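Fold and contact review
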Amino acid sequence: MNFLAHLFLSGTDPETRVGNFIGDFVRGRNVYEQFSPNIALGIELHREIDDFTDSHTVVLESKIRLRPKYRHYAPVIVDMFYDHFLARNWSEYHPLPLDQYAKESYELLQKFSDQLPERVRQLLPYMVKGNWLVSYAQLEGINRALSGMAHRSPYESKMEEATVELKKYYSDFEKEFLQFFPELKEMCEQFLAARINNQKK
């Protein structure tokens, strides 16, 4: 999953949301030594989300469709596609309109700027200016995001071409997302509930 899903799946605690957002930019297992308990919890949740997603049979169907052309970049592209479907179906999952949720998320991340990894601090102004979280709902936004990732990749990825496959197999990818996402959401809720109960003991 990509930025929008990681923020959404974090629950309501601000620090947990920040931790989940920065998870890809944090290395090592000693996260509780590097961050506050709730930010560290968010980082752990991010890793659980990645593991759950990577091993899920429905997600594998999406990746297999892309692998002949995009090889090991297929999982990255699927993450972006699934954020697109989350944004497109946002009202089914969250009471706030997406543009309001995005605005509050940007403000939250800016509030914790001093605790963000350097790469995230560099990325955040571009995210806010381009309103990435809202733009994911449109094919043009997904194309811009994938093109930017392709430009930053040191190897040829062809990710800038991936919306061709998204358009061609749109209903298949959407069906797989709608089948997979409730299971992922339930896993996250159970993970957070278990960790919070352990903290109270």
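That block above? That's the structure.
Let me begin by describing the structure that accompanies this report.

About the criteria used
Residues numbered from 1 in each chain as written. Predicted model: local features only at pLDDT ≥ 70, side-chain atom pairs only at ≥ 80, totals over all residues. Heavy atoms only, no water. Axes fitted to C-alpha atoms, helices over the stretch in contact; angles between N-to-C directions. Helix = DSSP H or I, 4+ residues; strand = E, 2+ residues; numbered from the N terminus. Parallel < 35°, antiparallel > 145°, perpendicular 65-115°, else oblique. Left-handed = near helix turned anticlockwise from the far one by under 90°. Contact = heavy atoms within 4.5 Å. Nonpolar A, V, L, I, M, F, W, Y, C, P; charged D, E, K, R; others polar. Phe/Tyr/Trp six-rings, centres within 6.5 Å; stacked < 30°, edge-to-face > 60°. Buried < 20%, exposed > 50% of the residue type's maximum accessible area, 1.4 Å probe, protein only. Lys NZ or Arg CZ within 6 Å of the ring centre and 35° of its normal. Polar contact = N/O pair within 3.5 Å; in protein donor to acceptor, adjacent residues only side chain to side chain.

1. Describing the packing of helix α7 (residues 98-111) against helix α8 (residues 118-130)
Closest axis-to-axis distance for the α7/α8 pair is 11 Å, and the angle between their directions is 160 degrees. As summarised for this structure, α7 and α8 are arranged roughly antiparallel, according to the angle between their axes. Crossing geometry of α7 relative to α8 is assigned as left-handed. Facing α7, whose interface residues are Y106, L109 and Q110, α8 presents L124, M127 and V128. Within the contact of α7 with α8, the residues separate by chemical class into five nonpolar, one polar and no charged.

2. Here we look at the packing of helix α6 (residues 74-88) against helix α10 (residues 139-152)
It is the contact of α6 with α10, at a shortest axis distance of 10 Å, that shows an interaxial angle of 155 degrees. Taken as axis vectors, α6 and α10 run roughly antiparallel relative to one another. With respect to the hand of their crossing, α6 and α10 are arranged in right-handed fashion. Together, V76, I77, M80, F81 and H84 of α6 and L139, I142, A145, L146 and M149 of α10 make up the contact between the two elements. Looking at the contact of α6 with α10 residue by residue, the class counts come to nine nonpolar, one polar and no charged.

3. Thoughts on the packing of aromatic side chains
Here the structure, examined in full by the defined rule, presents 15 aromatic pairs. Ring centres 5.9 Å apart and planes at 25 degrees place the aromatic pair F8 and F181 in the stacked group. Here F8, found in helix α1 (residues 3-8), pairs with F181, found in helix α12 (residues 170-200); they are 173 residues apart in sequence, far enough to count as distant. Relative accessible area serves as the criterion here: at 11%, F8 is assigned to the buried category. Each residue in the set F8, F52, Y82, F85, W90, Y93, Y101, Y170, F177, F180 and F181 is aromatic and connected to the rest through ring pairs, giving one cluster. Lying across the ring of F173, R65 places its NZ or CZ 4.7 Å from the centre.

4. Thoughts on the side chain of S153
In this fold, S153 is placed in the loop between α10 and α11 (163-168). A distance of 3.0 Å separates a polar atom in the side chain of S153 from a polar atom in the side chain of Y73. At 3.0 Å, the side chain of S153 forms a polar contact with the backbone oxygen of Y155.

5. Description of the environment of L41
Tracing the backbone through its elements, the reader meets L41 in helix α4 (residues 37-54). Taking the C-alpha atoms as reference, L41 lies 26 Å from E92; in sequence the two are 51 residues apart.

6. Details of the environment of Q179
Mapping Q179 onto the fold places it in helix α12. Look at Q179 and you get partly exposed, because its relative accessible area is 45%. Separated by 42 residues in the primary sequence, Q179 and A137 have C-alpha atoms spaced 19 Å apart.

7. As for unusual backbone geometry
For R71, which is not glycine, the phi dihedral falls at a positive 50 degrees. What makes R71 partly exposed here is its relative accessible area of 40%. One non-glycine residue, K158, lies in the positive phi region at around 65 degrees. Turning to its location among the elements, K158 is positioned in the loop between α10 and α11.

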